[in-house]
Amino acid sequence: MEKIQKAPETMSSRERVIRTFHYEKTDRVTIGYEANAGIDARVKQALGVSTTEDLYQALGVDYRGISAPYIGKQLFEVPEGRAVDQLEGCVMRKVEHPSGFYWDFCDFPLKDAEDEDFETFPVPNPDDFDYDAALELAKSYGGKYALHVGNAGMPDIINSNGRLMGMEDVLCHLITGNEAALDFIRRRAAFHLGMLERLLDKCKGYIDFLWMGEDLGTQIAPLISLNLYRSTLKPIHRQFARLAQAYNIPSIIHTCGSSSWAYEDFIEIGIKGVDTLQPEAANMSPEYLAGHFGGRLNFRGCISTAGPLAYGARDEVVEVCLKTLEIMMKCRGYHFAPTHAIQDNTPTENVIAMYQAAHDFGRYQ
């Protein structure tokens with residue numbers, strides 16, 4: 001059984017995260033963790049823990065998400081051999097691979113949709129959630145952890161609608177300005193906003209930041225033009241940033257791929273941090289991000305799940321973590337985390353080496 005030798009701590013996780021968002025000195029970097037089920041189970045076994053809470057304690061993870069359970073009626077039928085997300089309506093099939101399996105999106109219920117298909121496709125009602133349960137969960141943490149509402153899938157306009165329409169359709173609808181599709185996109189974003197507002201109101205005083213998401217880049221270039229971003233996506237993102245501001249908390253946005261081209265616009269609308277930060281993508285290296293946006297945006301991620309963590313030796317993982325920490329910690333406002341959920345093909349020892357490196361080299365002097 002392995003054990004993470006944690007850095008000495010003089011702050012609670014909540015204080016650490018809040019101070020990091022304000023670019024203030026902390027005892028160590030904040031630590032985040034996302035992983036697929038297979039590697040998550042192997043890391044738990046290696047560390048001798050059985051629950052997610054015990055794993056977070058072992059790794060030193062500083063965040064917890066707060067959400068409200070859905071208590072409304074079933075919105076979507078589930079075809080045989082498929083799974084269906086009941087809040088979104090996307091259809092998935094189980095695809096096995098050598099390291100485990102994924103639920104892969106398929107069937108695309110709004111592919112080649114007519115206007116009336118968009119108008120009648122179900123979108124949840126923000127009233128159909130148990131916000132009292134969310135408050136009880138927030139209270140149960142006793143102020144020890146930094147709590148957030150939202151996640152990388154809210155509103156995630158391109159990705160989440162691509163899971164319903166197919167990626168080609170959603171990009172075509174955005175480019176051509178298909179009003180029926182755009183109305184549907186806005187209706188789904190309004191649902192997320194309404195749900196988050198109710199969560200923030202119910203859990204007032206317990207929530208420390210709002211997490212949103214939008215995948216904007218390939219590995220080498222933007223997915224859409226800056227003009228299209230500004231005309232169509234940015235107004236929706238501004239609503240989420242303003243909601244966070246109304247509750248006096250920062251917002252952070254998950255952005256996959258080469259996405260730093262939109263960061264000045266994020267800053268303009270009040271977004272305080274960016275998440276994922278795939279270092280192998282164009283203009284996304286730690287050096288580039290620190291040089292262009294250090295001190296103006298919080299950075300979360302930058303430890304690639306497609307590099308040494310998955311394919312290298314343990315020493316290579318430590319080297320990448322050390323280099324990233326050296327660059328990013330100079331800016332303050334850095335949250336140590338993987339670029340995505342750690343994948344099932346990742347060696348267990350590399351994950352442990354990654355988090356040990358955070359405690360070894362992520363201390364502020």
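Because the structure is predicted, anything quoted here is derived from the model rather than measured.

Parameters and conventions
Residues numbered from 1 in each chain as written. Predicted model: local features only at pLDDT ≥ 70, side-chain atom pairs only at ≥ 80, totals over all residues. Heavy atoms only, no water. Helix = DSSP H or I, 4+ residues; strand = E, 2+ residues; numbered from the N terminus. Buried < 20%, exposed > 50% of the residue type's maximum accessible area, 1.4 Å probe, protein only. Contact = heavy atoms within 4.5 Å. Areas by Shrake-Rupley, 256 points an atom, 1.4 Å probe, with all protein chains shown as cover. Lys, Arg positive; Asp, Glu negative; His and termini not counted. Charge placed at Lys NZ, Arg CZ, Asp CG, Glu CD. Pairing = 2+ DSSP bridges. Axes fitted to C-alpha atoms, helices over the stretch in contact; angles between N-to-C directions. Parallel < 35°, antiparallel > 145°, perpendicular 65-115°, else oblique. Nonpolar A, V, L, I, M, F, W, Y, C, P; charged D, E, K, R; others polar. Phe/Tyr/Trp six-rings, centres within 6.5 Å; stacked < 30°, edge-to-face > 60°. Core = buried A, V, L, I, M, F, W, Y, C linked by side-chain atoms within 4.5 Å. Bend = angle between axes of the 7 residues up to and from the residue. Right-handed = clockwise from strand over helix to strand, strands pointing away.

> Which residues make up the overall build of the protein chain, and what are the values?
A count of helices and strands for the protein chain gives 14 helices and eleven strands. Over its C-alpha atoms, taken along the principal directions, the protein chain stretches across nearly 60 × 45 × 45 Å. Here the protein chain holds 365 residues, and 53% of them are scored as buried. Of the contacts formed within the protein chain by residues at least 6 apart in sequence, a portion of 74% connects residues at least 24 apart. Here the protein chain displays about 15,800 Å² of accessible surface, and carbon together with sulfur accounts for 50% of that area. Distance from the positive charge centre (36 side chains) to the negative charge centre (51 side chains) of the protein chain: 7 Å.

> Describe in detail the pairing of strand β9 (residues 273-276), supporting the description with residues and values.
Note on strand geometry: in a regular strand, side chains alternate between the two faces of the sheet. Examined bridge by bridge, strand β8 (residues 251-255) and β9 share four bridges and lie parallel to one another. Residue pairing in the sheet places I252 in a bridge with G273 of β9. By the bridge criterion, four bridges tie β9 to strand β10 (residues 298-303) in an arrangement that is parallel. Residue V274 lies in a different strand from β10, and its bridge partner there is F299.

> Hey, could you go over the sheet that holds strand β7 (residues 209-213) for me, with residue numbers and the actual values?
Pairing in this open sheet of eight strands is parallel, and the strands run β1-β11-β10-β9-β8-β7-β6-β2 from one edge to the other. Lying at the two open borders of the sheet, with one neighbouring strand each, are β1 (30-31) and β2 (63-65). Looking at chain direction, β7 and β8 are connected through four bridges and run parallel. Considered in β8, the bridge of M212 is made with I253. Across the sheet, helix α14 (residues 348-361) touches β1, β10 and β11 (334-338), and the angle it forms with β11 is around 165 degrees.

> Outline the packing of helix α2 (residues 37-47) against α14, supporting the account with residue identities and numerical values.
Where α2 contacts α14, the axes come no closer than 9 Å and their chain directions differ by 70 degrees. Viewed along their axes, α2 and α14 adopt a mutual orientation that is roughly perpendicular. Residues I39, R42, V43, A46 and L47 of α2 form the contact with α14, whose participating residues are T348, V351 and I352. Counted by class, the contact of α2 with α14 contains six nonpolar, one polar and one charged residues.

> Describe the packing of aromatic side chains, and please don't skip the residues or the numbers.
Applying the stated criterion across every chain, the model contains 18 aromatic pairs. Where F209 meets W211, the ring centres are 6.3 Å apart and the plane angle is 40 degrees; that geometry is what we call tilted. With respect to burial, F209 and W211 carry one shared label: buried. Ring centres 5.2 Å apart and planes at 65 degrees place the aromatic pair Y263 and F293 in the edge-to-face group. Taken together, the positions of Y263 in helix α10 (residues 263-269) and F293 in helix α11 (residues 286-293) put the pair 30 residues apart, joining distant regions of the chain. As far as burial versus exposure is concerned, Y263 and F293 are alike and both buried.

> Tell me about the nonpolar core, residues and numbers included.
Core analysis: the biggest nonpolar cluster contains 108 residues, and F299, F336 and Y355 have the highest contact counts within it. Tallying contributions element by element places helix α8 (residues 179-202) first for this core, with twelve residues. A146, F209, W211 and I252 belong to the second-largest nonpolar core, a separate cluster that totals seven residues.

> Any details on helix α9 (residues 226-246)? Residues and values, ideally.
Of all the bends in α9, the greatest reaches close to 50 degrees and is centred on L233; the proline P235 follows between one and four positions later. N248, located one to two residues past α9, shows a positive phi value of around 60 degrees.

> Mind laying out the pairing of β7, listing which residues take part and the relevant values?
Counting buried positions along β7 yields five of five residues, so the element is predominantly enclosed. Where strand β6 (residues 146-155) and β7 come together, four bridges link them in parallel fashion. Bridge pairing links P155 to G213 in β7. For the crossover that starts at β7, traverses α9 and ends in the parallel β8, the hand is right-handed.

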